[in-house]
Amino acid sequence: MNKTVIEHSWIPLILVACASFIITLDSTFMNVSISQVVADLNTNVTTIQLTMTFYTLITAAFMLLSTKLQDIVGKKRLFLIGAVLYGIGTTIAAISQTDTMLFIGWAVIEGFAGALMTPATVAIISGTYSGERRTFALAIESVMVALSAAIGPLFGGIMTTFFSWRYGFACELIIIIFILVMHKKIPDFAPTESKDDLDITGTIISFIGLVLFVLGILMMSEYTTPSVVVIILGIIVLTIFALFEIKRKRNGKVPLLDMDLFRDKNLRLGAIIILLSYIVMGGGLFAVSLFLQTVLKLNAFNTGLTTLPLTLGLLIFAVVAPSLVEKLDHKTLMAIGSIITIVGCLILIFEFRIDTTMLDLMPGMFILGSGLGFIMALSTDIALVNIPSESQNNSSGIVTTGQTLGESMGTAIIGIVLILGVFTGVSNAIDIYAPEHSSDEQLQQNIFDYFQKVGNVDTIKSQNSIIMDTADVIIQNAMGFVMLVTTILMFVVFVLILRLNDKEIHK
């Protein structure tokens, strides 16, 4: 099909955006379904959490290999191979009778398929559209990823409450079938390299490095020393990988990842902006959802409803952003978005109390989502703006790896922040309401353990005013600290945005 004709059609965008949506949805919607899955498969919580962890781990670990396979197999062909595998995996997951069957279908097959499809989504869009249409298309692809992460708990809550978690995987299968039926609408892209160009050694080193790094990040939720050691090992291995790739290119061989791409300022800064933005969104949603379910005692459905304003703000402003590029450049819009996000975080700092209602949180959530909408809609486009067409595949892999790592790191990092906030809150609360126990380390540890294990807040509410006031201080400190950290991260994003080059973005 002629590329000019395709550029007048949004069908290729719809197809790859649907793929991005379900790949991210897969990592979020089952969070609220764990107890039901445990009951249905006669397993335990640890096993299901391990399956969820491995889905993220496998997707991230194969990302760089997938990026190179685009050049060898072709963007469209690799995307469709991934779609077929994803369909097989989600079918196995939907009909699982044991936890092993679920692990194979969801974590292994879907995780690998997601890795094949994810870099190809951005590369297909960059190769199909140009100018303003590319800006809009990349914005929609980015916002579909963010939206699926945001509405995952609501979707999972609806499926689990009114139907079954199995229907969640079935819905993904329907989308995969739609993609495969309409696949001829996606343009063909000829391979640019042969299988002899595949860097096997680099692939193995990068795989080990990414596995160690992501595994260490995921282990951070346990707040243990081994997680730090694993992260450091991952960084060391990834550094060895970078040096190996530089040497390989100097020797005239094709590298798995062209490290020279990082010389491009926009790509380098853009990938970091995407990483931090997804940490803020993913981690913030995790902390807020935990608060809603433990303090307000909301079910999965109502938790999703409370976070819905963030989703709506994200969607509205992400769709509007590309149309404003002609009047205000990418940098300006993204800077405005970061300021709006900071305002949302600052509002939410003061909203978390033991007597907070759903309505108290909604304005701050909407503002937070609105600002992120601007950033997520335009960050991929500005990151790739100066990259030549022959390097688009490699660059798309860098961007999507940052996105995937952000999603993985968000929950773990904010989880640590939440624990530190609880610890500080316990100390402050005792100093205020029980100063005679300020030196009682055992009492402080007992209270800390209670909150860390998500104790029953309804029990606290039935106690006397001093106990309630103490719990209130702890909750304010913990959640306030989370929102303060997200504010700091967004300020870093703001500074990075100001350093971007914005020349010829909308031409």
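Residues numbered from 1 in each chain as written. Predicted model: local features only at pLDDT ≥ 70, side-chain atom pairs only at ≥ 80, totals over all residues. Heavy atoms only, no water.

Participant: Tell me about the overall build of the protein, and please be specific about residues and values.
Facilitator: Helix and strand counts for the protein come out as 19 helices and zero strands. The buried share of the protein, reckoned over its 507 residues, is 57%. Intrachain contacts of the protein at a sequence separation of at least 6 include 82% that bridge at least 24 residues. Carbon and sulfur atoms provide 66% of the accessible area of the protein, an area that totals close to 20,500 Å². (Helix = DSSP H or I, 4+ residues; strand = E, 2+ residues; numbered from the N terminus. Buried < 20%, exposed > 50% of the residue type's maximum accessible area, 1.4 Å probe, protein only. Contact = heavy atoms within 4.5 Å. Areas by Shrake-Rupley, 256 points an atom, 1.4 Å probe, with all protein chains shown as cover.)

Participant: Give me the packing of helix α8 (residues 131-162) against helix α12 (residues 265-294): which residues, what numbers.
Facilitator: Where α8 meets α12, the closest approach of the two axes is 10 Å, and the angle between their N-to-C directions is 15 degrees. Between α8 and α12, the crossing angle belongs to the class labelled roughly parallel. Our pair here, α8 against α12, has a crossing hand that is right-handed. The residues of α12 that touch α8, namely those facing S142, V145, A146, A149 and A150, are Y278, M281 and L285. (Axes fitted to C-alpha atoms, helices over the stretch in contact; angles between N-to-C directions. Parallel < 35°, antiparallel > 145°, perpendicular 65-115°, else oblique. Left-handed = near helix turned anticlockwise from the far one by under 90°.)

Participant: So what's going on with the nonpolar core? Which residues, and what values?
Facilitator: Looking at soluble globular proteins, one finds that nonpolar side chains tend to be buried together. Grouped together as the largest cluster of nonpolar side chains are 135 residues, with contacts concentrated most on F79, L102, F169, M281 and F291. In terms of residue count, α12 provides more of this core than any other element does, 16 residues in total. Other than its neighbours up to four places away in sequence, F79 contacts L15, V16, A19, M117, A120, T121, I124, I179 and I186. (Core = buried A, V, L, I, M, F, W, Y, C linked by side-chain atoms within 4.5 Å.)

Participant: Now, about the pattern of salt bridges: what can you tell me, with residues and values included?
Facilitator: Tallied over the entire structure, the rule returns four salt bridges. Close ionic contact of D258 with K249 constitutes a salt bridge, the shortest N to O distance being 3.0 Å. Residue classification places D258 among the buried positions, given a relative accessible area of 18%. A salt bridge links K249 to D260; the nearest nitrogen and oxygen atoms lie 2.7 Å apart. In this pair, K249 is assigned in helix α11 (residues 225-250) and D260 in the loop between α11 and α12, connecting sequence segments 11 residues apart. Given the relative accessible area of 34%, K249 is considered partly exposed. Take D260: its relative accessible area is 32%, and that puts it in the partly exposed class. Overlapping salt bridges bring together K249, D258, D260 and R263 as one network. (Salt bridge = Lys/Arg side-chain N within 4 Å of Asp/Glu carboxyl O.)

Participant: Describe helix α15 (residues 358-384), listing the residues and the values that go with them.
Facilitator: Relative to the 39 Å expected for 27 residues at 1.5 Å per residue, α15 spans 39 Å between its end C-alpha atoms, a close match to the ideal helical length. Along α15, the sharpest kink reaches roughly 35 degrees, centred on L378. With 20 of 27 residues buried, α15 is to be regarded as a mostly interior element. (Expected span 1.5 Å × (residues − 1). Bend = angle between axes of the 7 residues up to and from the residue.)

Participant: Could you give an account of a nonpolar patch on the surface, naming the residues involved and the relevant values?
Facilitator: Residues V228, V229, I232, L233, I236 and I240 make up a contiguous nonpolar surface patch of about 500 Å² in total accessible area. Relative to the helices and strands, I232 is located in helix α11. By relative accessible area, I232 is classed as partly exposed at 45%. (Patch = residues over 30% accessible without salt bridge, like charges linked within 9 Å, V, L, I, M, F, W, Y side chains within 5 Å.)

Participant: Outline the side chain of T118, supporting the account with residue identities and numerical values.
Facilitator: When you line up the elements, T118 lands in helix α7 (residues 99-128). When its relative accessible area of 9% is taken as the criterion, T118 is described as buried. Once you skip the residues sitting within four places of it in the chain, T118 turns out to touch I23, M63 and T400.

Participant: Just give me the short version of the environment of L368, but keep the residues and values in it.
Facilitator: The residue L368 is located in helix α15 in this model. A residue is classified by how much of its surface remains accessible, and L368, at 6% relative accessible area, is buried. As a C-alpha pair, L368 and T311 span 57 residues in sequence and 9.6 Å in three-dimensional space.

Participant: Explain the side chain of S96 residue by residue, including any values.
Facilitator: Position of S96 among the secondary structure elements: in the loop between α6 (75-94) and α7. A polar contact of 3.3 Å, which involves the side chain of S96, links it to the backbone nitrogen of L102. Residue contacts for S96: discarding those within four places in its chain leaves L41, M101, L102 and R166. (Polar contact = N/O pair within 3.5 Å; in protein donor to acceptor, adjacent residues only side chain to side chain.)

Participant: Please provide a residue-by-residue account of helix α9 (residues 165-181), values included.
Facilitator: Under the 1.5 Å per step criterion, the end-to-end length of α9 is 25 Å for 17 residues, consistent within 8% with the ideal 24 Å. Within α9 the residues assigned to the buried category are W165, G168, F169, E172, I176 and I179. Buried positions in α9, seen along its axis, are confined to an arc of 90 degrees and lie on one side of it. The exposed residues of α9 that point more than 90 degrees off its buried face are I174 and V181. (Arc of directions from axis to C-beta.)

Participant: How would you sum up the packing of aromatic side chains? Please name residues and give values.
Facilitator: Under the defined criterion, the tally for this structure stands at 11 aromatic pairs. Connected via pairs of aromatic rings, a cluster forms that spans Y55, W106, W165 and F169. Between R133 and the ring centre of W10, over which it is positioned, the NZ or CZ distance is 4.2 Å. (Phe/Tyr/Trp six-rings, centres within 6.5 Å; stacked < 30°, edge-to-face > 60°. Lys NZ or Arg CZ within 6 Å of the ring centre and 35° of its normal.)

Participant: Please provide a residue-by-residue account of the environment of I175, values included.
Facilitator: Mapping I175 onto the fold places it in helix α9. In this structure I175 comes out as partly exposed when scored by relative accessible area, which is 23%. The sequence separation of I175 and C18 amounts to 157 residues, and the corresponding C-alpha distance is 7.0 Å. Not counting residues up to four positions away in its chain, the partners in contact with I175 are C18 and I22.

Participant: Please set out the confidence of the model for the protein residue by residue, giving values where relevant.
Facilitator: Considering every residue of the protein, the mean pLDDT works out to 78; 83% of them sit at 70 or more. Throughout residues 452-456 the model reports pLDDT below 50, and contacts reaching past four residues in sequence, or to other chains, amount to six contacts. (pLDDT = per-residue confidence, 0-100.)

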